[in-house]
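# Observations on the three-dimensional arrangement
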Amino acid sequence: MRFISTRGRCEPLGFGDAVATGLAPDGGLFLPEQLPDLSVRWRSWAGLGYADLCHAFLRIFATDVPDETLRGIIGRSYTRFRHADIAPLVKLDARTYVLELFHGPTLAFKDFALQLLGNLYEHQCRERGQTINVLGATSGDTGAAAIHGLLGKPGVAIFILYPDGRVSPLQERQMTCTGADNVYALAIDGSFDDAQTALKELFADQDFRLQHRLSAVNSINLARVLAQCVYYLHAWLRLPEADRSEIEFVVPTGNFGNVLAGWMLQRMGVPIRGFKVATNRNDILHRLFTTGEYRLGPVQPSLAPSMDIQVASNFERLLYYQLGQDPARVREVMATFKCAGYFRFENFDRDCFTSTRCEDVEIPGIIRRVHQDYGYMVDPHTACGFKELARDRVSVVLATASPAKFPDTIRAAIGIEPRDPALETLKSRPIIKHKLAANAADIARFVADHAV
Ligand SMILES: *Cc1c(COP(=O)(O)O)cnc(C)c1O
């Protein structure tokens, strides 16, 4: 299968090249040239375990990866999950389920995509006889998940920039206590935006980028979206048949990355009723789905920090379909949005979406209510999903992080401090980080000195 850019100004690429490239050269995002029709296949997939289902799904797209190689890559990607079901579906009552996406190595849903991406990168390095240096800036979860996707991989080094003192102590430990010698956690003196700006400067230097074969960690890689489709399908196939077409997936989101994957699966012919987009106080997506206007606002820090985002980078993929798969229109809308900071949609199709916004002051109360009603503990991101569930459908709430990652918020809400053995072990390991100024030249020197 080939992959095209949402902006239509570059040649379609195969799976391997689209994954290696990340962002399309014309500034757009990659999408399958044609979405497959799964309505003829999903029935035969009902009994498959997670890795087998992932293989059955991805082989439709990754046609340039030999089948046995693909199977190996996928197998390795889900062995470090600590639950036999990988993505267990927990029933709270007849109309409410939780899809637990936090049993991977960093206890958050990003492991599903980044474990796979790490193994894909490793395979490409080997096949092309090259090394790569992966760079990213993070405000927490993405950096940790990327590091754990790549740690110890031969031929790959990873450099993650984060704002010193501004990520949670546990998140910092997940990035700095790995003991792996191909991981560099760079504690930047400044904010997340300062780190991001310095990183953009590094990537803008074409010679430097090519010389060190730099690759970016970000949420827009095609492989991440496809990897995320699988847990929706896995959960959907495990629901009672009578419920399946009544399902609304409730997705705590900031970047639209997670919910986009579910929506694409629906477009491929899996009869899901709809999606609830659950935002925190950073509500650009909630405003879009309630008013039809996509308008940038300031980012406000919240108790669900991994959703503190205003520009939803994956939104461009939805936009492409909303605008009748017309790349010229996508370019036009993105240009207008870039200079005006907003865009008004005339006929935005919201049929399969609902949305909610959750203020910070509401989060502890929701954690308490879910714990009282079901004896179930949710982290602050998942709590945003529980704000308001539909009465006329069956809800599957995606639990995007383990409560053990946010002990302070949980203790304040219900007086219990959740613990996880993996996080406890981290506390006894030494922190290894490199402090650097938020300055592109200093960071470039560090990368040049440590690159593989
Ligand atoms: C990254 C993250 C999210 C938001 O993911 P999107 O890609 O923006 O949908 C939600 N919850 C947690 C715990 C995360 O780490």
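As shown above, the structure is provided for reference.
Conventions adopted
Residues numbered from 1 in each chain as written. Predicted model: local features only at pLDDT ≥ 70, side-chain atom pairs only at ≥ 80, totals over all residues. Heavy atoms only, no water. Core = buried A, V, L, I, M, F, W, Y, C linked by side-chain atoms within 4.5 Å. Buried < 20%, exposed > 50% of the residue type's maximum accessible area, 1.4 Å probe, protein only. Helix = DSSP H or I, 4+ residues; strand = E, 2+ residues; numbered from the N terminus. Contact = heavy atoms within 4.5 Å. Near = heavy atom within 4 Å. Polar contact = N/O pair within 3.5 Å; in protein donor to acceptor, adjacent residues only side chain to side chain. Areas by Shrake-Rupley, 256 points an atom, 1.4 Å probe, with all protein chains shown as cover. Nonpolar A, V, L, I, M, F, W, Y, C, P; charged D, E, K, R; others polar. Pairing = 2+ DSSP bridges.

With that settled, consider the nonpolar core. In summary, soluble globular proteins display a tendency toward joint burial of nonpolar side chains. Counting 110 residues, the largest nonpolar core has Phe 57, Tyr 78, Tyr 231, Phe 249, Phe 256 and Phe 353 as its most contacted members. In terms of residue count, helix H9 (residues 222-238) provides more of this core than any other element does, 13 residues in total. The contacts of Tyr 231, once residues within four sequence positions are left out, are Tyr 50, Ala 87, Leu 99, Leu 101, Phe 109, Phe 112, Asn 258 and Leu 398. Residues Val 370, Phe 386, Ala 399 and Ile 414 belong to the second largest nonpolar core, which totals 22 residues.

This next bit is on the site of the ligand. The local shell around the ligand holds 15 residues, among which Lys 110, Asp 141, Thr 253, Asn 255 and Thr 400 are the closest. Within the backbone of Gly 254, one N or O atom sits 3.0 Å away from an oxygen atom of the ligand. In the complex, 96% of the free accessible area of the ligand, which totals 390 Å², lies under the protein chains. Counted by class, the shell around the ligand contains five nonpolar, eight polar and two charged residues.

This brings us to the pairing of strand S5 (residues 96-100). Among the five residues of S5, five are classified as buried, and the element is accordingly described as predominantly covered. What you see with S5 is no split at all: Thr 96, Val 98 and Glu 100 on one side and Tyr 97 and Leu 99 on the other are buried throughout. The sheet contact formed by strand S4 (residues 89-93) and S5 spans four bridges and is antiparallel. Bridge pairing in S5 places Lys 91 opposite Tyr 97. Hairpin remark: S4 followed by S5, antiparallel, with two residues in the connecting loop.

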